[in-house]
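# A structural walkthrough
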Amino acid sequence: MASRSCANFLHLASGNLLDIPQTPRGLPRVMTVPGIISDMDSCSSNDGDSDVASSGCRERKIIVANMLPLHAKRDGETSKWHFSWDEDSLLLHLKDGFSPETEVVFVGSLKVDIDVNEQEEVAQKLLEDFNCVPTFLPHDLQKKFYLGFCKQHLWPLFHYMLPMCPDHGDRFDRILWQAYVSANKIFADKVMEVINPDDDYVWIHDYHLMVLPTFLRKHLNRIKLGFFLHSPFPSSEIYRTLPVRDEILRGLLNCDLIGFHTFDYARHFLSCCSRMLGLDYESKRGHIGLDYFGRTVFIKILPVGVHMGRLESVLNLSSTAARVKEIQKQFEGKKLILGIDDMDIFKGISLKLLAVEQLLQQHPDLQGKIVLVQIVNPARGFGKDVQEAKKETYMTAKKINEVYGSPNYQPVILIDRPVPRYEKSAYYALAECCIVNAVRDGMNLVPYKYIVCRQGTPGMDEALGVKPEYPRTSMLVVSEFIGCSPSLSGAIRVNPWDIDAVAEALNTAITMPESEKQLRHEKHYRYVSTHDVAYWARSFVMDLDRACQDHYSKRCWGIGLGLSFRVVSLSPSFRRLAIDHICSAYRRTNRRAIFLDYDGTLVPEASIIKTPSPEVISIIKTLCDDPKNTVFIVSGRGRASLSDWLAPCEKLGIAAEHGYFIRWSKDSEWETSPVGADLEWKKIVEPCSRK
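Residues numbered from 1 in each chain as written. Predicted model: local features only at pLDDT ≥ 70, side-chain atom pairs only at ≥ 80, totals over all residues. Heavy atoms only, no water.

Bringing the pairing of strand 3 (residues 81–85) into the picture now. Bridge analysis of strand 2 (residues 70–74) against strand 3 gives five bridges, and the strand direction is antiparallel. If you follow arginine 74 over to strand 3, its bridge partner there is tryptophan 81. (Pairing = 2+ DSSP bridges. Helix = DSSP H or I, 4+ residues; strand = E, 2+ residues; numbered from the N terminus.)

Okay, structure coming up:
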C-alpha cells in the first residue's frame, strides 16, 4: 500500500487543508517536452525548462530562508510600516562573499503579521528598497508550519530527541506535516515570481525548507540549486523514525549541492541515503558526490564563520567601552567565566551550572574568586520543555548562590533579558574563559565571537587600559557535541554529561599559564579570522557553480508524482528505444536469443508469490514456440524451484544458480558450466534500462 505521504502534495498544498490563495506567477513555468542546449547557447537561449528567453547573463543569487534579514516596526502616528536591515543576520553577512556586481534577492517571511490589505503595498516597498520578496504566510499556516512541524518535530529529532512519550516531544501529526508542505509551496511560488532560470542561482537555508527543492526542480528541471543545513543531521537510527523521511531526503537530493557544518552531519546524511534509498556515494578529487538518477548531487562540508567587521565595529562603540568599565568595576578581583545560550533543553545550561557547583565544592580556594555570568537569550520555541529547562536553571542557580555565595558575592549571575550586542561584546572582552556546554548544537558561533572580542581593537584596548602590544589570551571549554568543536583544536573539549570532567576543565582553563593561553588564542584567532562568513559563502557558491556546470550538456526528464518527483539526467547521445523499432528488427531477423531475468522481470521483486502468473507463462510459451527464437531464463535461484515454476514451458532454456547449471529445454539434461568458461561475450553486451 502506498503511504499517504506519497500523495500529490502539489494539490494538497492548495487544497482544503488550509485556504491559501494561489500565488500569481511572474514568469511562465516550464516546457513539458525534454530538451537539450549546448554550453555555448546557455546564456542566450531557453534551457528547456522555460518558455521565455534569458534577459542576459547577469550574476544574481536568490537567498531563500524562513525569515528575511529585516526588522519591521509600525509607526504609532502614521500606522505605516518601517523596515530596516537586521545587521546581525547571517543572511545579510554572506553577501560579503559575493562579487560587488552580484545582485542578491532575499525570499522569506517577516517577523510580524501584515494585514492582507497591506501586503501588496509592503511587498512592493520591500522589493524596491531592499530587494526582498516576502512570503506572507497566513497566521494559522505559519503557526502550524514553524511552531508546529519545524519546532515540535524536526528540530527535536535533528537534535536526537525522540518523542518516546507525550511529555518529551510531540508525536508526529500529519496535519502539521501538510502545513509544512503548504508553506514550502508558497516559498516556491515566490521564488518562481522573480527567478531568471537561465542565470540565477538559488541558495536555500536550513531545515524549514527541505521540500522546497522538489517544488522548484519540478518546474525548472535545470535550476541551479544549493542548500545548507544549519542544524545537526542525526544518525540514520534517529532519522529513520520520521514517517516522512523519504520525502525529505528526496527533497534535499533535488539540489545540486548540499552543505553541512561537519563531516559527521554529512556522513549521517549519506548513511540515510544509502540505507533508505539505496544510493551510494563516491569521492572524486576531494568532492563527495551522490549519483541520483544520472544527476550528481555534491556534498560540501564547511562550518560557517562570523562577520569580523561587524564584531570589531561593535567593540569600537562608545557604549561598549562604557559597559566594559562598568563590568570591570563590578567584578574587580574576580575571574569571569561567560556563557551565552538560548533557553532550550539542548544548550546544557543546567549541566553547566552543576559543573560550576562541583568546581566550587572541589576547589574551596576558588570561592569568592570566580563568577559565572550566564546570559540567556530568549527562547525560540514555547513548548513545555522550554519552561521546564528554565525552571531547572533558576532553581540550580539559586541553590549554588545560597550555598557558596555571600552578601557581596554571587558565584552565578543569570541575565535573562534581551541583551544588546554591545553589552555581550563587553562581557566577551572581559571573560577569562567562555564555556559552551550544549548537549547537541548544529554550529554555535559563541566561541568564535569570544575569540574575536578577546583579540580586541584599538578602541577596546583604550577602554581596557592596555597597550596594543599587550599579549592576547582566551580559553574555551566546549562540548564535543557542537559543530564548531572540530575547528577549535586549542579548546578543552568535554562531554557535557560528565559533570566532574567539565568542572576540572574549568579549573584547568582558569589556572593555565598565560603563555599557553596566548598560544591557544593565537591559533584560534588565525583560523576564525581567515574562515569568516565571507569565506564560507564564497566557497559555497564556487562549489555550487562547479556542481551546475553540466546542466546544459545532458538530456533530462522529470518523473514521479508529488514529493517523489525527481529528474532523470542522461547523456546527449541517449535516445529512447522505440517499440516500433524493436518490432521491426524482430521481424527481420531469422535467429533470436532472448535472455530474461526471473526476480524483478517475470515476477516483481516484492511479490510474496514467486510463481509466474498464467499470463507470463502464456507469453513465454508463445516466444518459445517460434522456431527462430532461443529463450532462456537466467536466475540465481536453484534449478529445482525454476524447473517446477516453469514446467509448462517445455522449450524454455534455464540457467540456474547464476549459470552454473544450464538446461536447454525441459527434456534436456542439466549441464554444469565449466569453471574456465569463455566470458569474452560480456564485453559486447550492452545494458538495457527499463522504465
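Below, the discussion takes up the sheet that holds strand 24 (residues 671–672). Read across the sheet, five strands follow the order 20-21-22-23-24 without closing on themselves; strand pairing throughout is mixed. Unpaired on one side and paired on the other, strand 20 (592–597) and strand 24 mark the two borders of the sheet. Summarising the sheet, strand 22 (residues 653–656) and strand 23 (residues 661–663) pair through three bridges and their orientation is antiparallel. What sits directly across from alanine 655, in strand 23, is isoleucine 662.

Glancing now at the sheet that holds strand 7 (residues 224–228). Read from one edge of the open sheet, nine strands run 5-4-1-6-7-8-11-10-9, paired in mixed fashion. Among the strands making up the open sheet, the edge pair consists of strand 5 (132–134) and strand 9 (281–284). With direction set aside, neighbouring strand axes in the sheet form an average angle of 25°. Judged from the six bridges that link them, strand 1 (residues 60–67) and strand 4 (residues 103–109) form a sheet pairing that is parallel. Among the inter-strand pairings, methionine 67 is bridged to a residue of strand 4, identified as serine 109. Packing of helix 9 (residues 263–277) onto the sheet brings it into contact with strand 8 (257–260), strand 9, strand 10 (287–292) and strand 11 (295–301), and relative to strand 11 it is tilted by some 150°. (Axes fitted to C-alpha atoms, helices over the stretch in contact; angles between N-to-C directions. Contact = heavy atoms within 4.5 Å.)

Time to look at the pairing of strand 20. The side chains of a regular strand alternate between both faces of the sheet. In this sheet, strand 21 (residues 629–634) lies alongside strand 20 in parallel orientation, the contact comprising six bridges. Bridge pairing in strand 21 places phenylalanine 595 opposite phenylalanine 632. The handedness of the strand 20 to strand 21 crossover, carried by helix 21 (residues 614–625), is right-handed. (Right-handed = clockwise from strand over helix to strand, strands pointing away.)

In helix packing, the relevant descriptors are the interaxial angle and the interaxial distance, both defined with respect to the helix axes. Relative to each other, helix 11 (residues 318–330) and helix 14 (residues 421–430) sit at 50°, their axes nearing to 8 Å. The angle between helix 11 and helix 14 falls in the class oblique. Of the two elements, helix 11 crosses helix 14, and the hand of that crossing is right-handed. Contacts from Ser319, Thr320, Arg323, Val324, Ile327 and Gln328 in helix 11 reach Tyr422, Glu423, Ser425, Ala426, Tyr427 and Leu430 in helix 14. Class assignment of the residues belonging to the contact of helix 11 with helix 14 gives a composition of six nonpolar, four polar and two charged. (Parallel < 35°, antiparallel > 145°, perpendicular 65-115°, else oblique. Left-handed = near helix turned anticlockwise from the far one by under 90°. Nonpolar A, V, L, I, M, F, W, Y, C, P; charged D, E, K, R; others polar.)

The subject of this paragraph is helix 5 (residues 174–194). Taking 1.5 Å per residue as the helical rise, helix 5 with its 21 residues ought to reach 30 Å, and the 31 Å between its terminal C-alpha atoms agrees with that figure. Across the 21 residues of helix 5, 19 count as buried, placing the element largely inside the fold. The distance from a side-chain oxygen at the start of helix 5 to the backbone nitrogen of isoleucine 175 is 2.9 Å, and the residue carrying that oxygen is aspartate 173. (Expected span 1.5 Å × (residues − 1). Buried < 20%, exposed > 50% of the residue type's maximum accessible area, 1.4 Å probe, protein only. Polar contact = N/O pair within 3.5 Å; in protein donor to acceptor, adjacent residues only side chain to side chain.)

Let's shift gears to a nonpolar patch on the surface. The grouping of Leu679, Trp681, Ile684 and Val685 at the surface amounts to a nonpolar patch, some 460 Å² of accessible area in total. Inspection of the secondary structure assignment puts leucine 679 in the segment after strand 24. Accessibility expressed as a relative area gives 47% for leucine 679, which makes it partly exposed. (Patch = residues over 30% accessible without salt bridge, like charges linked within 9 Å, V, L, I, M, F, W, Y side chains within 5 Å. Areas by Shrake-Rupley, 256 points an atom, 1.4 Å probe, with all protein chains shown as cover. Salt bridge = Lys/Arg side-chain N within 4 Å of Asp/Glu carboxyl O.)

Topologically, glutamine 374 is positioned in strand 13 (residues 370–377). Discounting chain neighbours no more than four positions away, the residues touching glutamine 374 are Gly339, Ile340, Asp341, Ile349, Lys352, Ile413, Leu414 and Ile415.

This part covers the environment of aspartate 498. Within the secondary structure, aspartate 498 sits in the loop between strand 17 (492–494) and helix 17 (499–511). Using a relative accessible area of 35% as the deciding quantity, one classes aspartate 498 as partly exposed. Placed 147 residues apart in sequence, aspartate 498 and leucine 351 show a C-alpha to C-alpha distance of 8.7 Å.

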